[in-house]
Amino acid sequence: MTQPERRTPARRAVLGAAGAAVLGGSTVLAGGTAQAVQSAVAADGETGSRVQGHGRGYRALPVPYVIGHRGASGYRPEHTLGSYQLALDLGAHVVEQDLVPTKDGHLVCRHENEIGGTTDVADHAEFASRKTTKTVDGTAITGWFTEDFTLAELKTLRAKERIPAVRQKNTLYDGRWTVPTFEEVLRWAEDEGRRLGREVWLHVETKHPTYFRSIGLPLEERLAKLLRRYGRHRANSPLFLQSFEPSSIQRLAKLVDSPGVVLLSGASTRPYDFVAAGDPRTVADLVTPEGLRWIASYAQGIGPTIDLILPRDASGRLGTETTLVRDAHAAGLILHPYTMRNENTFLPVEYRRGTDPTAYGDAFGALKRYFATGIDAIFSDNADTALLAAADFAGR
């Protein structure tokens, strides 16, 4: 495990500016503030060089580092260029993308291939006949699916907030952005990297890879081709690959050298590629020392649900910490647990404040508890909150 980054007043000034940007509701930092961020990081000595990475790979990231979950999805509709830009401007060390294919084989950024909840497709009469029911990973789902649209058709749609009942303010931005292709994101990361004078880290997930391979739209080869085209295929490239299906990370490890992360959901669940292959192992088997050594034979990290590290009891309070962090580190794996969100409805009971489920709870208290387990990073919908908590924790 890498050592926590030494925080300085300059770094804290950067984080404070990030928080102010969110309170002001801007999509990107104002030019003066962005320049101040760059100047502060440049003046930050060791801290600045570690944040920038300079091609030294993920071990050069500060610990704990913050992954912008679907961008800055606590403030903007997820998986849009607006969400990614805000996450970067807030200071997220890494920005996440989830990938699904179009009918004509382009990789686009959506959390799911069903897009009824994240685009305005239902308002397009010309696509009404595309609504259908499909079985994806053993579950019947009704809606509209990216694999039934060409990229040109998909680009006529506009993105919208996925959970408007919880994040009503985010609906202000409904219709502002299109669904981005992953290649557009790679170009955006290149442009922003030049603007900031540092690497822009991405965290890229293959969604439902077994399903898409079964319908003739395999993800891994398309993804590897793009990574090679944009020079993000090396072991020290500023990019993580992730999947809930271990075989997808194994396949990618044969195509590129980018670091891989196996995502892990509930202990009793089975990765869908295990289900398809008749492999009886569950996530509980994968988080044993033996299972972690197996993952370490082809991947560099795991992305467990926080509950695998700090289970909640029947009342919704945090229970006794498991040995997962210690065991994963012993196997040489980094940990990127998911997902930290500020709203009461997502927090353990002891960190909720008031009775409004959509109000913010004691997010800083929860993050302090999570960081105390020794995790290397965390996925967060609210990068500014997580960054301030990480700075507090590292500066103890």
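Analysis parameters
Residues numbered from 1 in each chain as written. Predicted model: local features only at pLDDT ≥ 70, side-chain atom pairs only at ≥ 80, totals over all residues. Heavy atoms only, no water. Helix = DSSP H or I, 4+ residues; strand = E, 2+ residues; numbered from the N terminus. Buried < 20%, exposed > 50% of the residue type's maximum accessible area, 1.4 Å probe, protein only. Contact = heavy atoms within 4.5 Å. Areas by Shrake-Rupley, 256 points an atom, 1.4 Å probe, with all protein chains shown as cover. Salt bridge = Lys/Arg side-chain N within 4 Å of Asp/Glu carboxyl O. Phe/Tyr/Trp six-rings, centres within 6.5 Å; stacked < 30°, edge-to-face > 60°. Lys NZ or Arg CZ within 6 Å of the ring centre and 35° of its normal. Core = buried A, V, L, I, M, F, W, Y, C linked by side-chain atoms within 4.5 Å. Axes fitted to C-alpha atoms, helices over the stretch in contact; angles between N-to-C directions. Parallel < 35°, antiparallel > 145°, perpendicular 65-115°, else oblique. Left-handed = near helix turned anticlockwise from the far one by under 90°. Nonpolar A, V, L, I, M, F, W, Y, C, P; charged D, E, K, R; others polar.

(A) Structural detail: the overall build of the chain. Counting secondary structure elements, the chain contains 15 helices and eleven strands. Looking at the chain as a whole, 57% of its 396 residues are labelled buried. Within the chain, counting contacts between residues at least 6 apart in sequence, those at least 24 apart form 68% of the total. As displayed, the chain has an accessible area near 15400 Å², and 52% of this comes from carbon and sulfur atoms.

(B) Looking closely at the pattern of salt bridges. If you walk through the whole model with that rule in mind, you get 23 salt bridges. As a salt-bridge pair, R369 and E321 come within 3.8 Å of each other at their nearest N and O atoms. Within this pair, whereas R369 is found in helix α14 (residues 363-371), its partner E321 is found in the loop between β9 (301-304) and α13 (324-330), the two being separated by 48 residues in sequence. Note that R326 is salt-bridged to D327, the shortest N-O span being 3.7 Å. We classify R326 as exposed; its relative accessible area is 59%. According to the relative accessible area criterion, D327 is buried, its value standing at 15%. Residues joined by salt bridges that share partners form a network here, namely R167, R341, E343 and D381.

(C) Local environment of the side chain of E78. Its place among the elements puts E78 in the loop between β1 (65-68) and α4 (81-90). According to the relative accessible area criterion, E78 is buried, its value standing at 5%. Ignoring sequence-local partners within four residues, the contact set of E78 consists of R70, S73, S83, R110, H111, T118 and R162.

(D) Seen up close, the packing of aromatic side chains. In this structure the tally under the stated criterion is eleven aromatic pairs. Geometrically, the ring pair formed by Y173 and W177 is stacked, given 6.1 Å between the ring centres and 20° between the ring planes. Grouping residues by exposure puts Y173 and W177 together as buried. When the ring of W294 is compared with that of Y298, the centres are 5.1 Å apart and the planes differ by 75°; the resulting orientation is edge-to-face. Here Y298 falls in the buried class, since its relative accessible area comes to 11%. Connected via pairs of aromatic rings, a cluster forms that spans Y58, Y65, W201 and F240. Taking the ring centre of Y173 as reference, the NZ or CZ of R76 above it sits at 4.1 Å.

(E) Structural context of the nonpolar core. Counting 85 residues, the largest nonpolar core has F182, L202, L223, L241, I302 and Y370 as the members making the most contacts within it. Ignoring anything within four residues of it in the chain, the contact list for F182 reads Q97, L99, L107, V108, C109, L202, V204, L223, L226, L227 and L239. Y58, L61, V63 and V94 belong to the second largest nonpolar core, which has 14 residues in total.

(F) Spatial organisation of the packing of α14 against helix α15 (residues 383-394). In contact at an axis separation of 9 Å, α14 and α15 are set at 55° when each is read in the N-to-C sense. Compared by their axis directions, α14 and α15 come out oblique. Every pair of crossing elements has a handedness; the one defined by α14 and α15 is right-handed. Together, A363, F364, L367 and F371 of α14 and T385, A386, L388, A389, A390 and F393 of α15 make up the contact between the two elements. Looking at the contact of α14 with α15, its residues break down into nine nonpolar, one polar and no charged.

By themselves, these observations are geometric and do not establish any function.
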